[in-house]
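# Examination of the molecular architecture
Chain by chain, the residues:
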Amino acid sequence: MEQYAIKGGNPLVGEVEIGGAKNAALAILAAAAMTDETVIIENVPDLRDTVVMLKAMESIGIRVERCGRHTVKINSGAVSNLVIEDDGIKKIRASYYFLGALLGKYKKAEVALPGGCNIGLRPIDQHIKGFRALGADVRIEHGLIITEAGQLRGSHIYLDVVTVGATINVMMAAVMAEGQTIIENAAKEPHVVDVANFLNSMGASIKGAGTDVVRIRGVQKLHGTEYTIIPDQIEAGTFMFAAAVTKGDVTVKNVIPKHLESISAKLIEIGCEVEESDDAVRVVAAKPLTHTHVKTLPYPGFPTDMQPQITVALGLSRGTSIVTESIFENRFKYVDELTRMGASIKVESNTAIIDGVPKYTGASLTAPDLRAGAALVTAALAAEGVSTIDDIKFIERGYEDFPQKLQSLGAQIEKINTERELRKFRLKTG
Ligand code: EPZ
């Protein structure tokens, strides 16, 4: 089985280019189906999840052409059917973006119920509430979400929870509805804004994205566009915290520092130096890390997708820290794996109480989900000795060339397939 083998102890030093934002790309790829004209999208990260989305698009007759590793040309002029249920699509959360995109354009869509990281219940009631408010009928049959509408009319929708997915999905469903739609209590994440900017570049009329009130004025149709996806705030944050836990000096390049403000603020709180420039952020961890408290919140609060990464760092920080997960119900599963490395963390409901320890020791670990898997890699990079990490397919869903980028910063990490390769890695790294 594919694993990462990691020999800890090397400080990460150097510069790393950050790729396109996964959670913007997955929605934008679906939204590209909303026009019959050609759409060119740049800075698409090359990930398991983006490959799944592109395959699903081809399965309904959308023409997809890869123009280089990070640019795709899409034409949806010959869509043959509106039912998306291939096996790959059932494993990812973002499959539900096809509902908003195809309903918005064709007034009909059938998509397999979404999968995604097992970090909580992850209902889709707010998506359904939004579609119904626009006049669509929505039902779930045989594992498919089926939605259709004779006519979509603008509506005033108040989301009961701040939800990235539902904000984006309702926005897409509303762009060609009759009249104005207002989404209250909308999510404000950078990737929500990126999807709105993409749709506006296609001729949509969306205002207020990035605030908690988004106003959409329906238009007749959308036209082709060329668009570049924003950098990935969470990939950047993961490398920034990897610098902290390995006592390194890492500059993340091709980022938007404003998107990283809550992450930079926490790194400064625990004793790191953080230097911002126009499109880069440098993190230097010259002093021992100190404790702090953090609560995950919708943007601009501290991102839930950075919760495992900061917990790893606080596990090595002097003093007692508290991490509260306010977005998902079950996002501390990885703590059991950290405990095997010597961490001292007690989880009570949605709170982790962390007593910092002087070091982690290498162990055989399993990635429970995407971001926890990446966080376990950072723990192994800081640990004494060799670690192995199983189920790295989760990590590859959201991090392009993760081992290679870490190697370029001085990490001793390799993807291995057999015991023999592990023995060779142990001999090579001493
Ligand atoms: C997106 O998931 C991201 N995934 C997640 O990133 C991220 O953690 C999450 O937003 C929060 O930022 C993608 O974009 C593909 P939500 P999403 O709807 O849209 C509840 C990663 O690692 N909720 O904002 O599913 C829900 O249960 C992944 O890249 C409802 O109650 O998240 C949760 O408690 C992991 N009803 C909260 O809202 C709904 O209809 C936030 O969920 C929808 C959501």
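Let us look at the structure shown here. These figures come from a predicted structure and were not determined experimentally. (Residues numbered from 1 in each chain as written. Predicted model: local features only at pLDDT ≥ 70, side-chain atom pairs only at ≥ 80, totals over all residues. Heavy atoms only, no water.)

The secondary structure content of the chain amounts to 14 helices and 24 strands. For a compact globule of 430 residues, the expected C-alpha radius of gyration is about 22 Å, and the chain comes in at 22 Å, within 12% of that figure. A principal-axis box enclosing the C-alpha atoms of the chain has dimensions of 65 × 45 × 40 Å. Burial status across the chain gives 58% buried among its 430 residues. For the chain, restricting intrachain contacts to residue pairs at least 6 apart in sequence, the fraction spanning at least 24 positions comes to 73%. Roughly 16300 Å² of accessible area belongs to the chain as shown, and the carbon and sulfur atoms make up 50% of that amount. Of the charged side chains in the chain, 47 are positive and 52 negative; the average position of the first set lies 2 Å away from that of the second. (Helix = DSSP H or I, 4+ residues; strand = E, 2+ residues; numbered from the N terminus. Rg over C-alpha atoms; globule rule 2.2 N^0.38 Å. Buried < 20%, exposed > 50% of the residue type's maximum accessible area, 1.4 Å probe, protein only. Contact = heavy atoms within 4.5 Å. Areas by Shrake-Rupley, 256 points an atom, 1.4 Å probe, with all protein chains shown as cover. Lys, Arg positive; Asp, Glu negative; His and termini not counted. Charge placed at Lys NZ, Arg CZ, Asp CG, Glu CD.)

Right, let's get into the sheet that holds strand S9 (residues 144–148). In space, the four strands of this open sheet follow the order S6-S7-S9-S8, with mixed pairing throughout. In this open sheet, the two strands that pair with only one neighbour each are strand S6 (83–84) and strand S8 (137–141). Pairing of strand S7 (residues 108–112) with S9, which is carried by five bridges, proceeds in the antiparallel orientation. Within S9, the residue paired with Val 111 across the bridge is Ile 145. (Pairing = 2+ DSSP bridges.)

Right, let's get into the nonpolar core. As a rule of thumb, soluble globular proteins bury nonpolar side chains together. Ranked by internal contacts, the top residues of the largest apolar core, which has 81 residues, are Ile 41, Phe 98 and Leu 199. Take this core: its biggest share by element is eight residues, from helix H1 (residues 22–31). Ignoring anything within four residues of it in the chain, the contact list for Phe 98 reads Ala 30, Met 53, Ala 56, Met 57, Ile 84, Ile 89, Leu 103, Ala 109 and Val 111. The next biggest cluster of nonpolar side chains, apart from the first, holds 72 residues, and it includes Ile 18, Ile 263, Cys 272 and Ala 343. (Core = buried A, V, L, I, M, F, W, Y, C linked by side-chain atoms within 4.5 Å.)

This next bit is on the environment of Thr 167. Summarising the element assignment, Thr 167 is placed in helix H5 (residues 164–174). Linking Thr 167 and Gly 315, residues 148 residues apart in sequence, is a C-alpha distance of 34 Å. In contact with Thr 167, other than residues within four places in its own chain, are Leu 159, Ile 183, Ala 186, Ala 187 and Val 192. A polar contact of 3.0 Å, which involves the side chain of Thr 167, links it to the backbone nitrogen of Ala 187. (Polar contact = N/O pair within 3.5 Å; in protein donor to acceptor, adjacent residues only side chain to side chain.)

Strand order across the open sheet formed by four strands is S4-S5-S3-S14, with mixed pairing between neighbours. Each edge of the open sheet carries a strand with a single partner, namely strand S4 (63–66) and strand S14 (225–228). Each adjacent strand pair in this sheet contributes to an overall mean axis angle of 15°, direction not counted. Looking at chain direction, S4 and strand S5 (residues 72–75) are connected through four bridges and run antiparallel. From the neighbouring strand, Arg 63 faces S5, where its bridge partner is Asn 75. Strand contacts of helix H2 (residues 48–59): S4 and S5, with the helix running at about 140° to S4, the strand carrying the most contacts. Sheet strands touched by helix H6 (residues 190–201): strand S3 (39–42) and S14. Its angle to S14, the strand with the most contacts, is close to 160°. (Axes fitted to C-alpha atoms, helices over the stretch in contact; angles between N-to-C directions.)

Pairs of aromatic rings are described using the distance from one ring centre to the other and the angle between the two planes. Throughout the structure, instances matching the rule amount to six aromatic pairs. A ring pair is formed by Phe 332 and Tyr 334, whose centres lie 6.3 Å apart and whose planes are at 40°; its orientation type is tilted. With respect to class, Phe 332 is no different from Tyr 334; both count as buried. A ring pair is formed by Tyr 399 and Phe 402, whose centres lie 4.7 Å apart and whose planes are at 35°; its orientation type is tilted. Grouping residues by exposure puts Tyr 399 and Phe 402 together as buried. (Phe/Tyr/Trp six-rings, centres within 6.5 Å; stacked < 30°, edge-to-face > 60°.)

Turning to the site of the ligand, a few remarks are in order. Around the ligand, the surrounding shell holds 23 residues, and the nearest of these are Arg 93, Thr 163, Val 164, Asp 305 and Ile 327. In the model, an oxygen atom of the ligand is placed 2.7 Å from a nitrogen or oxygen of the Arg 93 side chain. Between Val 164 and the ligand, the recorded distance is 2.7 Å, taken from a backbone N or O atom to an oxygen atom. Starting from 820 Å² of accessible surface for the ligand in isolation, the protein chains cover 92%. When contributions to the shell around the ligand are tallied by element, the ones reaching two or more residues are H1, helix H4 (125–133), H5 and helix H11 (370–382). (Near = heavy atom within 4 Å.)

Attention now moves to the packing of H1 against H6. Closest axis-to-axis distance for the H1/H6 pair is 9 Å, and the angle between their directions is 25°. The orientation of H1 relative to H6 falls into the category roughly parallel. In the crossing of H1 with H6, the sense of the turn from one axis to the other is right-handed. Where H1 approaches H6, its residues Asn 23, Ala 24, Ala 27, Ile 28 and Ala 31 are matched on the opposing element by His 191, Asp 194, Val 195, Phe 198 and Leu 199. Of the residues in the contact of H1 with H6, the class split is seven nonpolar, two polar and one charged. (Parallel < 35°, antiparallel > 145°, perpendicular 65-115°, else oblique. Left-handed = near helix turned anticlockwise from the far one by under 90°. Nonpolar A, V, L, I, M, F, W, Y, C, P; charged D, E, K, R; others polar.)

Right, let's get into the side chain of Ser 317. Within the element layout of this structure, Ser 317 appears in the loop between helix H9 (307–314) and strand S19 (320–324). Those residues within four positions of Ser 317 in sequence are excluded, and the remaining contacts are Leu 289, Thr 290, His 291 and Gly 356.

On to H2, then. The end-to-end C-alpha distance of H2 is 17 Å, a good match for the 16 Å that 12 residues give at a rise of 1.5 Å each. Taken together, the buried positions of H2 are Asp 49, Thr 50, Val 52, Met 53, Leu 54, Ala 56 and Met 57. Where H2 is buried, its residues contact H1, S4, S5, S6 and helix H3 (97–106). Phi turns positive one or two residues past the end of H2, at Gly 61, with a value near 95°. (Expected span 1.5 Å × (residues − 1).)

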